[in-house]
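A closer look at the structure
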Amino acid sequence: MNSLQNLLDNNRVWADRMEQQRPGFFSQLAQQQAPKYLWIGCADSRVPANEITGLDPGEVFVHRNIANVVVHSDLNALSVIQFAVDHLKVEHIMVVGHYGCGGVLATLRGTRVGLADNWLRHVHDVKIRHRRRLDHLSVPEQEDVLCEMNVIEQVGNVALTNALQDAWARGQKVAVHGWCYGLKDGLVNDLGVTMQGSHEVTRIFSNAFKRYPRDLGGTAPV
């Protein structure tokens, strides 16, 4: 309980400091939620969305899960996207992975996690789909590249959701981006897969993987 009391004490100190520095901050924040950004990231405790981007509470809408996965069967993620796009009118959706992601490493190493193994099958599918671009790399390179590939796959999945397709069809301005965060240096790597309309999805998605050359000497199918 001592550790929990420390959290409560820290909360009061933080709230007092915020109110002193920016009088009326909380009363204004309570009146409305109007973020421009939706952050879809990993649940890893070392990757806090607001701190990384220097944003205040209320400026970024956040959804997090193990390995920042977005799939058509996850009603939680789809509901967050739909609410952010249709109701909050966010202008940017960032799918953010991070190097050294435990879910990605478990997938590469074949490590059993438990119930989460079923969820990580989605990352495993990414690994299998792009094995010709992965298998010839060194282990550290595989770890970084699969983190990036997983982000790119999820950007494509977000872009193909009904919420995004419908928004683009009615002319709403909303873009999807793919980023990868470095735990070792605190820097965000923009993977250059920004999609701003339905017409861009296939081209940008397919071109994104060309930066990872295939092992032309291998025998596995492309």
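See the structure above.
Presented here is a report on the structure given in the accompanying data block. Note that the coordinates shown come from a computational prediction; the quantities given were computed from them, not determined experimentally. Each chain has its residues counted from 1, running along the sequence as written. Where local features are concerned, this predicted model is filtered to residues with pLDDT of at least 70; where side-chain atom pairs are given and counted, the filter is 80 or more; whole-chain, interface and lining totals use all residues. Side-chain measures were taken over the full set of non-hydrogen atoms in the model, leaving aside hydrogen atoms and water.

So, the nonpolar core
Put simply, the rule is: Among the buried residues, those of types Ala, Val, Leu, Ile, Met, Phe, Trp, Tyr and Cys that are joined through side-chain atoms within 4.5 Å form a nonpolar core. The cut-offs for exposure are 20% and 50% of the maximum accessible area for each residue type, with area from a 1.4 Å probe on protein chains only; residues under the lower value are buried, those over the upper are exposed, and the others partly exposed. Elements are defined by DSSP. Helices are runs of H or I of four residues or more, strands are runs of E of two residues or more, and each kind is numbered from the N terminus. The contact criterion used throughout is that any non-hydrogen atoms of two residues lie within 4.5 Å.
Leu38, Ile81, Ile93, Val158 and Leu164 are the most contacted members of the largest nonpolar core, which totals 48 residues. The dominant element in this core, judged by the number of residues it contributes, is helix 9 (residues 139-159), at 9 residues. Setting aside chain neighbours within four positions, we find isoleucine 93 in contact with Leu38, Ile40, Val85, Val158, Leu164, Val174, Ala175, Val176 and His177. Membership of the second largest hydrophobic core comes to 9 residues, among which are Trp39, Ala49, Leu55 and Met94.

Some remarks on the packing of aromatic side chains
Quick reminder of the rule: When the centres of two rings from Phe, Tyr and Trp lie within 6.5 Å, Trp using its six-membered ring, the rings pair. Their planes under 30 degrees apart give stacked, over 60 give edge-to-face, and anything left gives tilted.
A full pass over the atoms with the stated rule returns 4 aromatic pairs. Judged by centre distance (5.8 Å) and plane angle (35 degrees), the ring pair of phenylalanine 61 and phenylalanine 83 falls under tilted. Placement of the pair is phenylalanine 61 in strand 2 (residues 60-65) and phenylalanine 83 in helix 4 (residues 75-86), with a sequence separation of 22 residues. With centroids separated by 5.2 Å and ring planes inclined at 75 degrees, the aromatic side chains of phenylalanine 205 and phenylalanine 209 adopt a geometry described as edge-to-face. Through a chain of ring-to-ring contacts, the aromatic side chains of Trp14, Phe25 and Phe26 assemble into a single cluster.

Re the environment of glutamine 165
Relative to the assigned elements, glutamine 165 resides in helix 10 (residues 162-169). According to the relative accessible area criterion, glutamine 165 is partly exposed, its value standing at 26%. Residues glutamine 165 and glycine 197, spaced 32 residues apart in sequence, show a C-alpha to C-alpha distance of 7.9 Å. Once residues within four sequence positions are removed from consideration, glutamine 165 is found in contact with Ala159, Leu160 and Ser198.

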